[in-house]
Amino acid sequence: MLTFLRQRIVSSAVPLLVVVLGVFFLARLTGDPANLYLPLSATPEMRAEFSARNGFDQSLLAQFGDYLARVSQLDFGDSLRTAQPAGEAVLRAFPATLQLAGVTMLLAITGAVIVGSLAAVRPNSMADRIASFLSSMAASTPDFWFAIMGVLIFAVQLNWLPTSGTGSGAAWVLPVATLLIRPFGVLVQVVRGAMVSALSAPYIKVARSKGASERQVIFKHALRNAGAPVLTVAGDLTVGLVNGAVVVETIFGWPGIGKLMIDSILQRDFAVLQAAVLITALTIFALNILIDMCYALLDARVRQGAMA
């Protein structure tokens, strides 16, 4: 297991470095922060002083070297907008994104296991066809369209739900529903396919011949053996939620990492943007390692292939 874990860490380190490089240099293409933070009447001396104070008067390579040196000490710099440490701003916003992603995936996995398992019990039945049709629609629905329609119908026209905020349980409904729809649709299809294969395996016939109830056959024997592909897809979808919450958080004003990134780009707050992307990348890196470890624990062939 240690060999497998070491290989996964090494192979994931290169994409992490590419992300750090890309964000640092691409952020500089958004323009000179002096044009945003200084008045139009600012003199060349004021602009030069602003650039020197924030290190923008150095070459890009020198700025990048300084950035890496500070990051190695867990210093992400200070926000241009608030003059507060960028790392603290990111760590304040990140729990909101993790909470949103966690609740969404918990509901998606629970609902998909129930619906997908029941659909697999009777393949090609009416219930199976309805579940397959609805899950295909859910998996194909764009997040931004669903979010806008949800706001238009349930918040504006019916006035049942708030358009933004986190102060009440009702404020969670539209953001969670928007993030939930695609993972639920994908997982229903994955659970159904894995369960159909598992229910036709010889050990299921043996379990039934020994008098196991249908509930035990489905949720104890078949579902446990169908868990590996479901875990893999659920892990990838969880990573996608953390990485792709930008649209949902922006539309619903959710105070998470996605909204913070968009605000930082618009305000050319390089330190906060770089800290947000780096901490998000590290979180995704850790999630991928955890998913691979769980998959290796479920399937010994993965561990053996990694050590071969």
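Before any of the text, the structure's been laid out above.
All values derive from a computational prediction rather than experimental measurement.

## Notes on the overall build of the chain
Here is step 1 of the chain: The secondary structure content of the chain amounts to 15 helices and zero strands.
Here is step 2 of the chain: Projected onto the principal axes, the alpha-carbon positions of the chain cover approximately 85 × 60 × 25 Å.
Here is step 3 of the chain: Expressed as a percentage of its 308 residues, the buried residues of the chain come to 38%.
Here is step 4 of the chain: When contacts within the chain are restricted to residue pairs at least 6 apart in sequence, those whose partners lie at least 24 apart make up 76%.
Here is step 5 of the chain: Accessible surface for the chain amounts to roughly 16500 Å². Of this, 66% is attributable to carbon and sulfur atoms.
Here is step 6 of the chain: Computing the positive centroid from 22 side-chain charges and the negative centroid from 17, the chain places the two 18 Å apart.

## Looking at a nonpolar patch on the surface
Here is step 1 of the chain: A cluster of nonpolar residues, L152, I153, F154, V156, L158 and W160, forms a patch on the protein surface that exposes about 560 Å² of accessible area.
Here is step 2 of the chain: Tracing the backbone shows L158 in the loop between helix 7 (143–157) and helix 8 (170–199).
Here is step 3 of the chain: By relative accessible area, L158 is classed as partly exposed at 36%.

## Quick word on the packing of helix 5 (residues 86–121) against helix 10 (residues 214–225)
Here is step 1 of the chain: One can describe the packing of helix 5 onto helix 10 by two numbers: an axis separation of 12 Å at closest approach and a directional angle of 115°. Considering the angle they form, helix 5 stands roughly perpendicular to helix 10. Once helix 5 is placed against helix 10, the crossing between them reads as right-handed. Contact with helix 5, carried on its side by V113, S117 and V121, involves E214, I218, F219 and L223 of helix 10 and no other residues of that element.
Here is step 2 of the chain: Tallied by class, residues from the contact of helix 5 with helix 10 come to five nonpolar, one polar and one charged.

## Digging into unusual backbone geometry
Here is step 1 of the chain: At L74, a position not held by glycine, the phi torsion is positive, near 60°.
Here is step 2 of the chain: In this structure, R268 is a non-glycine residue whose phi angle is positive, near 55°.
Here is step 3 of the chain: Relative to the assigned elements, R268 resides in the loop between helix 13 (257–266) and helix 14 (270–298).
Here is step 4 of the chain: By relative accessible area, R268 is classed as partly exposed at 22%.

## Section: the side chain of Q274
Here is step 1 of the chain: Structurally, Q274 can be placed in helix 14.
Here is step 2 of the chain: Exposure remark for Q274: the relative accessible area of 6% places this residue in the buried category.
Here is step 3 of the chain: Every residue in contact with Q274, bar those within four places of it in the chain, is listed here: V23, F24, R28 and Y67.

## Observations regarding the layout of surface pockets
Here is step 1 of the chain: For the largest pocket, the calculated volume is near 430 Å³.
Here is step 2 of the chain: Taken together, 21 residues form the lining of the largest pocket, with N54, F56, R70, D78 and A271 sitting closest to its centre.
Here is step 3 of the chain: Broken down by secondary-structure element, the contributors of at least two residues to the lining of the largest pocket are helix 3 (44–54), helix 4 (60–71) and helix 14.
Here is step 4 of the chain: The element contributing the most residues to the lining of the largest pocket is helix 4, with four residues.
Here is step 5 of the chain: A breakdown of the residues in the lining of the largest pocket according to their chemical character gives nine nonpolar, seven polar and five charged.

## Topic: empty space enclosed by the protein
Here is step 1 of the chain: Taken as a whole and assessed by the stated rule, the structure comprises one cavity of 30 Å³ or more.
Here is step 2 of the chain: In this structure, the largest cavity occupies an estimated 40 Å³ of space.
Here is step 3 of the chain: Around the largest cavity, the lining residues are V19, V20, V23, Y67, Q274, V277 and L278.
Here is step 4 of the chain: Put simply, the parts of the chain that give the lining of the largest cavity at least two residues each are helix 1 (2–27) and helix 14.
Here is step 5 of the chain: Taken together, the residues that form the lining of the largest cavity break down as six nonpolar, one polar and no charged.

Cut-offs used in this document
Residues numbered from 1 in each chain as written. Predicted model: local features only at pLDDT ≥ 70, side-chain atom pairs only at ≥ 80, totals over all residues. Heavy atoms only, no water. Helix = DSSP H or I, 4+ residues; strand = E, 2+ residues; numbered from the N terminus. Buried < 20%, exposed > 50% of the residue type's maximum accessible area, 1.4 Å probe, protein only. Contact = heavy atoms within 4.5 Å. Areas by Shrake-Rupley, 256 points an atom, 1.4 Å probe, with all protein chains shown as cover. Lys, Arg positive; Asp, Glu negative; His and termini not counted. Charge placed at Lys NZ, Arg CZ, Asp CG, Glu CD. Patch = residues over 30% accessible without salt bridge, like charges linked within 9 Å, V, L, I, M, F, W, Y side chains within 5 Å. Salt bridge = Lys/Arg side-chain N within 4 Å of Asp/Glu carboxyl O. Axes fitted to C-alpha atoms, helices over the stretch in contact; angles between N-to-C directions. Parallel < 35°, antiparallel > 145°, perpendicular 65-115°, else oblique. Left-handed = near helix turned anticlockwise from the far one by under 90°. Nonpolar A, V, L, I, M, F, W, Y, C, P; charged D, E, K, R; others polar. 1 Å grid on protein atoms, 1.4 Å probe; cavity = no way out; pocket = protein on both sides within 12 Å on 5 of 7 lines; lining within 4 Å. Points joined across faces, edges and corners; volume = space filled by probe spheres on them.

These values are about where atoms sit, not about what they do.
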